[in-house]
Amino acid sequence: MKKALITGITGQDGSYLAELLLKKGYEVHGVIRRSSSFNTGRIYHLHQDHHDHGSRMILHYGDLSDAVQMVKLLHELQPDEIYNLGAQSHVKVSFDIPEYTGDVDGLGALRILESIRETGLLKKTRFYQASSSEMFGKVQEVPQTEKTPFWPRSPYGCAKVYAYWLTVNYRESYNLHASNGILFNHESPRRGETFVTRKITRAATHIKMGLQDKLYLGNLDAKRDWGFAGEYVEMMWLMLQQEQPDDYVVATNETHSVREFCQEAFGLLGLDWERHVVIDPRYERPAEVELLIGNPEKARKQLGWEPKVRFKELVKIMIDADLELATHEAQVKSL
């Protein structure tokens, strides 16, 4: 039975990836941070399912800022695959806590790579680094590909560039099977509620149910390439199944503005978004990334992968899930 270790297993991507690997018969190990409240909501259903998956999913306390624990964990587990999805992943927040972001998102990757080397797993273990379209930042060409130069516009983007090049460096220096997935924005009903897409779908459904009236947003003109997270994790797995490690852009090659996302989301509920959305300068970033659109041609050619869920369908998936949630919240409130 193959053994995988996932950092960031409690996040959106981690939960979808854990699901996928369990379906494929893996034993899945996840690293979670100790916190006074349970933050395992997204993987709760996997843990509960003892007959099928539960016994094959094991959680370990750890943190990407703790190198000693990482070495101990790798020594004990000897995983076949490691997926580094753990990060302080909020771009706006990275301006507020740049040092922490650099420590976890940049040095965190180094700690895992160095642990693989220290524990003699260079030949056995395959490593996946969650790289980000935010590395392109002030984009140097449209659409962006694996060859587009990076120009990050946030501490988050900078930390991710560092982790990206480290992954390449360990691949070239030590012959480690290490790959970067340069994932463009990917969303789902499991997206954190502070991210703009989920913020919009939560607010729109709340407004529909009479639970709130206004939604405060920053830059409506920012354009993003939005895909479905549940699909993108397949690509992570595929990269580690190749004979040769490599770096791949994972995207839809379509771009839409935050304004369009609002139109679509509120429109599905029969609401006029302009009556409810208020621009709040607090949500604007010191340096903005205006346009992200990725060309996944290399992934299509080499891995036979292309995204099926497109923009309108993605918004609908999220609105449907959040409407169910808001309906339940409205019922509870009326009790």
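Residues numbered from 1 in each chain as written. Predicted model: local features only at pLDDT ≥ 70, side-chain atom pairs only at ≥ 80, totals over all residues. Heavy atoms only, no water.

A. The arrangement of the environment of R42 in detail. Residue position: R42 is located in the loop between β2 (27–32) and α2 (44–48). Along the chain, R42 and T10 lie 32 residues apart, while their C-alpha atoms are 6.0 Å from each other. When sequence neighbours within four positions are dropped, the list of residues in contact with R42 reads T10, G11, Q12, S15, R190, R191 and G192. (Helix = DSSP H or I, 4+ residues; strand = E, 2+ residues; numbered from the N terminus. Contact = heavy atoms within 4.5 Å.)

B. Representation of helix α8 (residues 229–241). Between the first and last C-alpha of α8 there are 19 Å, a value that for 13 residues agrees with the 18 Å anticipated at 1.5 Å per step. Of all 13 residues in α8, eleven are buried, a share of seventy percent or more. Buried within α8 we find A229, G230, E231, Y232, V233, M235, M236, W237, L238, M239 and L240. (Expected span 1.5 Å × (residues − 1). Buried < 20%, exposed > 50% of the residue type's maximum accessible area, 1.4 Å probe, protein only.)

C. Layout of unusual backbone geometry. Residue P143 is reached from V142 by a cis peptide bond, and omega for that bond is -10°. As for its placement among the helices and strands, P143 is situated in the loop between β5 (126–132) and α6 (155–174). Even without being a glycine, N253 presents a positive backbone phi close to 65°. Residue placement: N253 occurs in the loop between β11 (247–250) and β12 (256–257). Accessibility expressed as a relative area gives 36% for N253, which makes it partly exposed.

What is shown is where atoms sit, not what they do.
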